Amino acid sequence: MATQANKQDHTGDRAERAAVEGDYDAVVVGAGFGGLYALHRLREKGLSVIGFEAAPEVGGTWYWNRYPGVRCDVPSLYYSYTWSEELRREWRWSEKYAARREILDYAKYVADRFRLRDLLRFQTRVVSASFDEASGRWLVRTDRGDEIRARFCIMASGALSVPNSPKTPGLESFRGPIYHTARWPEQEVDFSGLRVGVVGTGSSGVQAIPLIAEAAKHVVVFQRTPNFSVPARNRALQDEDFKQFDAAFPAYCESLASPNAGRVNSSAFEAPIPSRDEQWRRYEELWQEGGGGFLLSFPNLLTHEAVNDVACDFVREKIRQIVKNPKTAAALSPSGYPLGVKRICVDTNYYETFNRDNVELVNLKEEPLEALTADGVKTSARQFDLDALVFATGFDAITGALFAMDIRGRNELRLQDAWAEGPRAYLGIAVADFPNLFIITGPGSPSVIGNMINACEQHVDWLTDCIDHMRAQDFRIIEPDPAAERAWMTHVAEMAERTLFPKADSWYLGANIAGKPRVFMPYVGEGYRHRCAQIAARGYEGFRLT
Ligand code: NAP
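Residue numbers here run from 1 along each chain, matching the order of that chain's written sequence. Reporting in this predicted model follows two pLDDT cut-offs: at least 70 for local features of residues, and 80 or more for side-chain atom pairs to be given and counted; totals over whole chains, interfaces and linings ignore these cut-offs and use all residues. Where side-chain values are given, they derive from all heavy atoms of the structure, hydrogens and water being excluded.

A. Molecular detail of the packing of aromatic side chains. Note on ring pairs: Phe, Tyr and Trp rings are taken, using the six-membered ring of Trp, and paired if centres are within 6.5 Å. Classes follow the plane angle, with under 30 degrees stacked, over 60 edge-to-face and the rest tilted. One pass over the full model with this rule turns up 44 aromatic pairs. Ring geometry for Tyr-78 and Phe-245: centres 4.9 Å apart, planes at 90 degrees, overall edge-to-face. Taken together, the positions of Tyr-78 in the loop between helix H3 (61–64) and helix H4 (85–90) and Phe-245 in helix H7 (residues 239–256) put the pair 167 residues apart, joining distant regions of the chain. Buried means the residue's accessible area, taken with a 1.4 Å probe over protein chains only, is under 20% of the maximum for its type, while exposed means over 50%, and partly exposed covers the values in between. Its relative accessible area of 27% is what places Tyr-78 among the partly exposed residues. Pairing Phe-228 with Tyr-337 gives two aromatic rings, centres 5.5 Å apart and planes at 70 degrees, and the pair type is edge-to-face. Taken together, the positions of Phe-228 in the loop between strand E9 (218–223) and strand E10 (229–231) and Tyr-337 in the loop between helix H11 (326–332) and strand E11 (345–347) put the pair 109 residues apart, joining distant regions of the chain. Judged by relative accessible area, Phe-228 falls into the buried class, the value being 2%. The class of Tyr-337 is buried, set by a relative accessible area of 10%. Taken together, Phe-33, Tyr-37, Trp-62, Tyr-79, Tyr-81, Trp-83, Trp-91, Trp-93, Tyr-106, Tyr-109 and Phe-114 form an aromatic cluster joined through their ring pairs. Under the DSSP-based scheme used, a helix requires at least four consecutive residues in state H or I and a strand at least two consecutive residues in state E, with every element numbered from the N terminus.

B. Summary view of helix H16 (residues 482–497). Given the number of residues in a helix, its expected span is that number minus one, multiplied by 1.5 Å. The terminal C-alpha atoms of H16, which comprises 16 residues, lie 22 Å apart, in line with the 22 Å expected from a rise of 1.5 Å per residue. Inspection of H16 places Ala-484, Glu-485, Trp-488, Met-489, His-491, Val-492, Met-495 and Ala-496 among the buried residues, and these make up the whole buried set. Viewed along the axis of H16, the buried residues span an arc of 155 degrees, placing them on a single side of the element. H16 presents Arg-486 and Glu-497 as exposed residues on the side facing more than 90 degrees away from its buried surface. Counted as a polar contact is a pair of N or O atoms within 3.5 Å, where, for protein atoms, one must be capable of donating a hydrogen and the other of accepting one, and residues adjacent in sequence contribute only when both atoms are in side chains. Between a side-chain oxygen at the N-terminus of H16 and the backbone nitrogen of Ala-483 the separation is 3.0 Å; the capping residue is Asp-481. The directions considered for the arc are those from the helix axis to the C-beta atoms.

C. Here's a closer look at the sheet that holds strand E15 (residues 383–385). Whether two strands pair comes down to DSSP finding at least two bridges between them. With antiparallel pairing, 3 strands are arranged side by side in an open sheet as E13-E14-E15. Both edges of this open sheet fall to strand E13 (369–372) and E15, since each of them pairs with a single strand only. Looking at each pair of strands side by side, their axes are set apart by 20 degrees on average, direction ignored. The pairing of strand E14 (residues 376–379) with E15 spans 3 bridges and is classified as antiparallel. Bridge pairing links Val-377 to Phe-384 in E15. Every axis in this analysis is a line fitted to C-alpha atoms, fitted for helices over the stretch in contact. Angles between the N-to-C directions lie between 0 and 180 degrees.

D. A look at the side chain of Asn-451. Tracing the sequence through the fold places Asn-451 in the loop between strand E18 (437–439) and helix H15 (452–473). Non-local contacts of Asn-451, meaning those with residues more than four positions away in its chain, are made with Val-74, Tyr-78, Tyr-79 and Tyr-252. In this description, contact between two residues means that some pair of their heavy atoms is separated by no more than 4.5 Å.

E. The site of the ligand, seen in detail. Arg-71, Ser-204, Gln-207, Arg-224 and Thr-225 are the nearest of the 23 residues found near the ligand. Within the backbone of Ser-203, an N or O atom sits 2.9 Å from an oxygen atom of the ligand. Between the ligand and the protein, one listed contact pairs an oxygen atom with a backbone N or O atom of Ala-392 at 3.3 Å. Per-residue and other accessible areas follow the Shrake-Rupley method at a 1.4 Å probe size, with only the shown protein chains counted as cover for residues. Burial of the ligand by the surrounding chains reaches 87%, relative to a free accessible area of 910 Å². Ranked by residues supplied to the shell around the ligand, first place goes to helix H6 (residues 203–215) with 3 residues. Lys, Arg, Asp and Glu make up the charged group, whereas Ala, Val, Leu, Ile, Met, Phe, Trp, Tyr, Cys and Pro make up the nonpolar group; the residues left over, Gly among them, are polar. Classifying every residue of the shell around the ligand by side-chain character gives 9 nonpolar, 9 polar and 5 charged. Looking at the shell around the ligand, you find at least three residues from each of domain 1 (20–163 + 397–545) and domain 2 (171–247 + 262–391). In these notes, residues near a molecule or strand are those with any non-hydrogen atom within 4 Å of it. Domain boundaries shown here were taken from an automatic or database domain assignment.

F. Structural context of the domain arrangement of the protein. The assigned domain composition of the protein is domain 1 (20–163 + 397–545) and domain 2 (171–247 + 262–391). Here the C-alpha centre of domain 2 lies 28 Å away from the C-alpha centre of domain 1. In this complex, domain 1 contributes 40 residues to the contact, which on the side of domain 2 involves 49 residues. Summed over both partners, the accessible area (1.4 Å probe) lost when two parts come together is defined as the buried area. Contact between domain 1 and domain 2 buries roughly 4,000 Å² in total, counting both sides, with carbon and sulfur atoms accounting for 55%. Its largest share of buried area at the contact with domain 2, domain 1 owes to Tyr-67, Leu-77 and Leu-500, together 17% of the area lost on that side. When a carboxyl oxygen of Asp or Glu is within 4 Å of a side-chain nitrogen of Lys or Arg, the pair counts as a salt bridge. Applying the counting rule to domain 1 against domain 2 returns 4 salt bridges. The shortest N-O distance in the salt bridge between Asp-246 and Arg-89 comes to 3.6 Å. Our enumeration of links across domain 1 and domain 2 arrives at 18 residue pairs in polar contact (both at pLDDT 80 or more). Looking at the side of domain 1 that touches domain 2, the elements that each hand over two or more residues are H3 and H4.

G. Broad picture of the pattern of salt bridges. Scanning the entire structure with this criterion turns up 42 salt bridges. Across the pair Glu-95 and Arg-71 runs a salt bridge, and its minimum N-O distance is 3.1 Å. A residue pair is termed long-range when its members are at least 10 positions apart, and Glu-95 in the loop between H4 and helix H5 (100–113) and Arg-71 in the loop between H3 and H4 qualify at 24 residues. For Glu-95, a relative accessible area of 22% gives the class partly exposed. For Arg-71, a relative accessible area of 23% corresponds to the partly exposed category. Between Glu-284 and Lys-318 there is a salt bridge; the shortest N-O distance is 2.9 Å. A residue pair is termed long-range when its members are at least 10 positions apart, and Glu-284 in helix H9 (residues 276–289) and Lys-318 in helix H10 (residues 305–322) qualify at 34 residues. Given a relative accessible area of 27%, Glu-284 falls into the partly exposed group. Because the salt bridges share partners, they merge into one network encompassing Arg-41, Glu-44, Lys-45, Asp-461, Asp-465 and Asp-468.

And the structure:
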């Protein structure tokens, strides 16, 4: 899509540099939170390591997502690395939910504090990685002519890093600028006096729309599926918050590794169904508290429709109370799928924004978007004249960044072909026929279902310990046994089936991308970390080490 954002060169001028060649122990693709920690840990273990990053800066998806209102929906004290006590003491978040700028500053601080920049080549996109059978090494090529060989290839390319840009008919004919939330320009976009269309009402749209509405003359929100959103109630952090967090931190770290940790744990299947009154009271408390903690209300919220239905009613009632126009309130009210099985949105004044005179909601279920024209957007019923358009249409999640590279394992097998019927990865970290390749937060691991930064850490710790073990035992190659991989992916699918997650067309299932196999990608069960640790302790059970 020729958007304003990618018409411009976001990466700025690429400083001249000689192409890198040579042999390394490990190569890391991506300098988001997974890649940064991988570089640190691998170097600490004495490996020669190099990292490539397409952006001119660290931060991964937080580098590219600069749309108005972008902030994390996980409390910042928890959206932090746990691996360095010093870092934890030195860094002080200013708000309960950190804005993108502060998260990026944190990533930069980590890169400087732990001297990671020397290991990185910025503004460099990895285009291919192929496994050479004879040498047992990966040959990695970049768009700047680099050609390096490495024993281990670590893909830290992100679960939500490749934008989903719909191929709407007439895209090229629209006269105004088109922005995508995940490729926003670096310089501030001034919407004042403009008529702006926003397509998409997921987390990005829900965060951006209230601020675009404050700036623009008129905003038309094109909504295909309404999402459940809860108020963030963001606020400045106080000394007391830090004290409480410090006191809770050891128990938090312990809880991550517990056999019961996970989005859905076994208590969900044993817990009684709470009464409607009890649920209503609890949801009200959590609504007032704000944030995605709403999903922690009852253990069986994501497994039992009888519970989930009440939560849906509760949020719809809130929408009716907030939004003055009953028709708009009805159109904003999600129905037909359970709450929390598409990522819940966490907002600031989202529903309130539809009470503004300059905001209009278009229900694309009633009047589908047909095309862009030179002057705006045409639905099946009307033409909307617009000066600028924003696509908040999300990402090709989890597999998108991997497929953007030409990754080939044994016998030139392409990852796309290996995953033609859906992704498969043992523990969501390693793939049969792709030896010594590790995917940080790959399909089949909890990844996007939990706290991404902690999920990245766990994968990095696990894979670096694995590499350590291989070196100590003089193993050269590790890859999953195909039977173990199949069994794991069956387990991942069975766990999802026991929950309400498959009951919505979500990006967790690949449903947002035409032609993408419908496979539930994240692991929603319990004890993932515990299981990974057990597998390692049993000599990497399910893996072949040679
Ligand atoms: P998203 O959740 O996939 O939402 C995309 C929106 O665009 C949906 O409303 C979708 O409608 C709509 N859409 C897609 N293609 C369309 C088309 N051709 N025509 C009309 N509408 C279309 O993407 P996102 O909002 O960028 O969020 C993705 C994920 O990133 C989140 O779930 C979250 O995990 C993460 N994120 C987090 C934060 C945060 O921390 N606060 C912020 C932003 C993003 P349908 O639902 O009908 O497909």
